[in-house]
Structure formats: C-alpha cells, structure tokens
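Remarks on the overall topology
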Amino acid sequence: MVNIGRHVGAVAFAAAVLGAFATSDTRAADMIGNCELYGQKGQFSMTPAVAGQLTVEVNLPAPGFWNGDTPETIKDGFEYCMAANIAHRLGLEKVGVVNVAWDALVAGQTRNYDLALSQASITDERKKVVDFSVPYFSSDAGVLVKKGNKVDQESIKSKRIGVQQATTGATFVEAKLKPETPPKVFPDTPSMFTALMANQVDVAMTDTAIVLSQAAESNGKVEVVGQYSTGESYGGIYPKGSPNAATLDKVIQSLIDDGTIKKLAGKYLAEAWGADPTAVPYFQP
C-alpha cells in the first residue's frame with residue numbers, strides 16, 4: 001500500500017477513477033498480449049535476466065492489475081500492460097510472467113527476474129532486502145465487509161479483522177488501529193476473502209485498490225465501507241543491487257510523464273472496480 005513519488009501516483013489514481021485520459025503525442029502501435037503499446041520502441045536498453053523478454057514477477061490473483069489466474073492466461077490488466085509498455089520501450093517483444101509467493105517476493109528470496117509488479121508498497125523495512133522503483137500508484141487501506149454488516153470507525157475495533165501476512169495493511173492494523181482482538185493473519189488474499197465469506201472474520205483489510213476489485217467481483221456479496229489514509233505508494237521491486245534499476249526507473253518515469261500510466265489506470269482499474277475510490281469514506285484510526 002503510497003509519495004510525487006507519492007503525488008504522481010495519486011494523480012494516476014485520481015485520473016483512473018474520474019476517467020481522465022492524458023493527451024499524449026505517442027500513438028498505440030503493435031501489441032503485447034491485449035495491451036496497446038505507446039512511445040518509442042527501443043528508446044531504452046538493458047540486458048534482461050532472460051534473453052529476449054522482460055521477466056516480471058507477481059503474486060496472483062490480482063484482478064484489474066493482472067487479468068487472469070495463471071501466468072498463461074494473463075493478457076492484460078493495469079500492471080501487466082505497464083510491464084508490456086516497459087518491455088516495448090526496452091525493445092523487447094515479450095513479457096515473461098512468473099507467479100511467486102508474496103512472502104518470498106518481499107523478502108528478496110526470488111531470483112532471475114527483472115522486476116516485480118505486484119501492488120507492493122514501498123517501505124523502509126523492505127528496502128533492506130529489495131530495491132524499489134519510482135512510485136507509480138497510490139493506495140490506502142480499505143475495509144471490506146459482507147453486504148449489510150454494519151461497520152464504522154467506532155465499531156471496527158471490536159470486530160474480528162483479517163489481514164494478509166507481511167503486508168503494510170497488517171502492520172497498520174497491528175500498530176495503528178489496534179483492535180480489541182489481535183487480527184487473524186492469512187497467507188494470501190484469497191484465503192482472507194474466503195474467511196470473510198465463511199464468517200471467520202468480520203472485516204478483511206488490505207489495499208483499497210484490492211478490496212474494491214474484490215467487491216466488484218463478488219456480485220454484491222461484499223462491500224467496501226471505509227478506508228484509512230496511509231500515505232503509501234506502490235513501487236516495482238528490483239533484485240537488491242540490480243544493475244538495471246536506473247534504466248527501469250527511467251522507463252517507468254517516462255510512462256508517468258507522458259500519461260501512459262493514466263491511460264492504463266483509466267482503462268483497467270476504473271473498469272474493474274466499478275466504483276469511485278474517492279467516494280469511500282475515510283475512517284480515523
């Protein structure tokens with residue numbers, strides 16, 4: 001879960017939900033998967049981890065960001081198409097998607113990849129074992145409940161809260177929200193959402209972007225009733241000491257500067273959520 005660094009991410013976020021599309025001199029050309037590609041092909045160059053492709057790690061599922069449940073089925077989504085445009089500007093023809101465990105990813109235990117795009121919040125603790133790109137997206141902590149379950153900023157502290165382990169959402173709940181009952185920790189978001197539906201927890205908390213996506217897919221079974229401002233940003237993860245970090249930062253910044261990030265957010269995230277994040281009320285911890 002977001003800094004210009006933060007504010008650039010926030011602009012991209014706002015543009016997505018308001019349907020604002022940046023005007024760019026770039027034009028779509030060619031495709032990777034179902035993604036339109038913008039900007040100059042081969043504008044930048046680097047030696048990738050695997051010859052001929054940009055190798056990108058992700059922890060699936062991540063609807064809206066990566067549309068599909070397996071690497072083989074993913075052809076679009078905000079972060080997938082972001083990766084496709086990074087590859088395009090590096091002169092690469094392919095994006096190789098690798099599904100990895102979340103804990104291993106943020107602990108710097110994965111190898112042989114160029115970058116990870118997995119809604120990973122930039123934190124000082126994680127910087128000890130991985131390097132981060134420039135921020136590209138903003139996200140606060142959302143409160144997901146079953147439809148009709150009355151939860152507000154006063155009652156939430158008495159509720160059973162589910163969080164995903166090794167996430168900034170889990171840290172926020174434990175350190176800032178401090179509910180009466182310690183939060184129940186899950187290894188991934190699917191198991192947390194399943195527990196919510198099974199009444200094993202009353203609330204599921206993680207990034208607002210992620211819970212909005214889950215609510216949109218639930219056919220009205222769950223809803224986002226609030227969110228907490230965390231001031232955090234998503235960044236791409238690089239292997240610690242990656243020789244390609246500076247080049248990849250330039251590519252990602254170019255996507256921000258020419259409006260490509262806004263276009264992708266507007267196309268994939270606002271559509272996937274079916275809701276305006278700015279309309280979700282902010283709770284105070």
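First, a word on what this report is: a plain description of the structure on this page.

Rules and cut-offs
Throughout, residues of each chain are indexed from 1 in the direction in which the sequence is written. A pLDDT threshold of at least 70 governs which residues receive local features in this predicted model, and a stricter bar of 80 or more applies before side-chain atom pairs are shown or counted, although totals over entire chains, interfaces and linings include all residues. The basis for the side-chain values is all heavy atoms of the structure; hydrogens and waters are excluded. We define a nonpolar core as any set of buried Ala, Val, Leu, Ile, Met, Phe, Trp, Tyr and Cys residues linked to one another through side-chain atoms lying within 4.5 Å. A 1.4 Å probe rolled over the protein chains alone gives each residue an accessible area, and that area as a share of the maximum for its type sets the label: buried under 20%, exposed over 50%, partly exposed in between. Helix and strand labels come from DSSP, where a helix needs a run of H or I of at least four residues and a strand needs a run of E of at least two; each type is numbered from the N terminus. When checking whether two residues touch, look at their non-hydrogen atoms; a contact exists if any pair is within 4.5 Å. For two strands to be treated as a pair, DSSP must find at least two bridges joining them. Only the contacting stretch of a helix is used when fitting its axis, a line to C-alpha atoms as for every element, and angles between N-to-C directions run 0 to 180 degrees. Any carboxyl oxygen of Asp or Glu within 4 Å of a side-chain nitrogen of Lys or Arg constitutes a salt bridge here. Multiplying 1.5 Å by the helix residue count minus one yields the expected span of that helix. Fitting one axis to the seven residues ending at a residue and another to the seven starting there, the bend at that residue is the angle between the two axes. Criterion for a disulfide: a pair of cysteine sulfur atoms at a distance within 2.5 Å. Reported orientations rely on four angle classes, namely roughly parallel under 35 degrees, roughly antiparallel over 145, roughly perpendicular from 65 to 115, and oblique for the rest. Working rule for handedness: look at the near helix, and if it is turned counterclockwise from the far one by less than a right angle, call the crossing left-handed; if clockwise, right-handed. Gly counts as polar in this scheme, as do all residues outside two lists: the nonpolar Ala, Val, Leu, Ile, Met, Phe, Trp, Tyr, Cys and Pro, and the charged Asp, Glu, Lys and Arg. Here a pair means two rings of Phe, Tyr or Trp (six-membered ring of Trp) with centres within 6.5 Å. Their orientation is stacked below 30 degrees between planes, edge-to-face above 60, and tilted elsewhere. When the strands point away from the viewer and the path from the first strand over the helix to the second turns clockwise, the crossover is right-handed.

**Some thoughts on the nonpolar core**
By size, the foremost hydrophobic cluster in this structure holds 60 residues, and its most contacted members are Leu54, Trp66, Phe78 and Ile86. Broken down by element, this core gets its largest block of residues, 8 residues, from helix 2 (residues 78-89). If we ignore the near neighbours within four places in the chain, the residues touching Ile86 are Leu54, Leu115, Leu248, Val251, Ile252 and Leu255. Of all hydrophobic cores here, the second largest spans 16 residues; its members include Val151, Ile156, Val225 and Phe283.

**With respect to the sheet that holds strand 10 (residues 203-207)**
Spatially, the 5 strands line up as an open sheet ordered 9-8-10-7-11, and their pairing is mixed. Across the chains shown, the open sheet's two edge strands, defined by having one partner strand only, are strand 9 (184-186) and strand 11 (222-228). Here the strands of the sheet are splayed against their neighbours by 30° on average, with no regard to which way each runs. Across 3 bridges, strand 8 (residues 161-164) lies against strand 9 in parallel orientation. Considered in strand 9, the bridge of Val163 is made with Val185.

**Brief notes about the pairing of strand 6 (residues 130-138)**
Within strand 6, 8 of the 9 residues are buried, leaving the element largely enclosed by the surrounding structure. Of the pairings in the sheet, the one linking strand 6 to strand 12 (residues 233-239) comprises 6 bridges and is antiparallel in character. Counted as the bridge partner of Phe132 is Ile237 from strand 12.

**What about the pattern of salt bridges?**
Under the criterion given, the structure shown has 6 salt bridges. Residue Lys128 is joined to Glu125 by a salt bridge in which the shortest nitrogen-to-oxygen separation is 3.0 Å. The burial state of Lys128 is the same as that of Glu125; both residues are exposed. Close ionic contact of Asp131 with Lys240 constitutes a salt bridge, the shortest N to O distance being 3.0 Å. One end of the pair, Asp131, is in strand 6; the other, Lys240, is in the loop between strand 12 and helix 7 (245-257), and 109 residues separate them in sequence.

**Describing helix 8 (residues 260-273)**
With 14 residues, helix 8 should cover 20 Å at 1.5 Å per step; its first-to-last C-alpha distance of 19 Å lies within 8% of that length. Approximately 30° is the largest bend angle found in helix 8, and it occurs at Gly266. Among the residues trailing helix 8, Gly274 stands out with phi positive, at a value near 65°.

**A look at the state of the cysteines**
Evaluated as defined, the whole model comprises 1 disulfide. Between the sulfur atoms of Cys35 and its disulfide mate Cys81 the distance is 2.0 Å. Judged by the torsion about the S-S bond (-80°), the Cys35/Cys81 disulfide is left-handed. Remark: Cys81 occurs in helix 2 and Cys35 occurs in strand 2 (residues 35-36); sequence separation between them is 46 residues. Each member of the pair, Cys35 as well as Cys81, carries the same accessibility label: buried.

**Looking at the packing of helix 2 against helix 8**
Look at helix 2 against helix 8: their axes get within 9 Å of each other, and the N-to-C directions meet at 150°. Classified by the angle their axes make, helix 2 and helix 8 are roughly antiparallel. The crossing of helix 2 and helix 8 is right-handed. Across from Phe78, Cys81, Met82, Asn85 and Arg89 in helix 2, the residues of helix 8 making contact are Thr260, Ile261, Leu264, Ala265, Tyr268 and Leu269. Taken together, the residues that form the contact of helix 2 with helix 8 break down as 8 nonpolar, 2 polar and 1 charged.

**Here's the deal with the side chain of Gln164**
Relative to the elements of secondary structure, Gln164 occurs in strand 8. Residue Gln164 is classed as buried on the basis of its relative accessible area, which comes to 6%. Once residues within four sequence positions are removed from consideration, Gln164 is found in contact with Asn59, Trp102, Ala170, Val185, Phe186, Pro187, Asp188, Thr189 and Met192.

**Comments concerning the packing of aromatic side chains**
The final tally for this structure, using the stated rule, is 10 aromatic pairs. Through a chain of ring-to-ring contacts, three or more aromatic side chains come together here, namely Phe65, Phe78, Tyr136, Phe137 and Tyr234.

**Quick notes on the pairing of strand 3 (residues 53-58)**
Among the 6 residues of strand 3, 6 are classified as buried, and the element is accordingly described as predominantly covered. Of the two faces of strand 3, the one lined by Gln53, Thr55 and Glu57 and the one lined by Leu54, Val56 and Val58 are each fully buried. As for the winding sense of the linkage, the β-α-β connection from strand 3 through helix 2 to strand 4 (residues 94-99) is right-handed. Judged from the 2 bridges that link them, strand 3 and strand 5 (residues 115-116) form a sheet pairing that is parallel. Pairing of Val56 across the sheet is with Leu115, part of strand 5.

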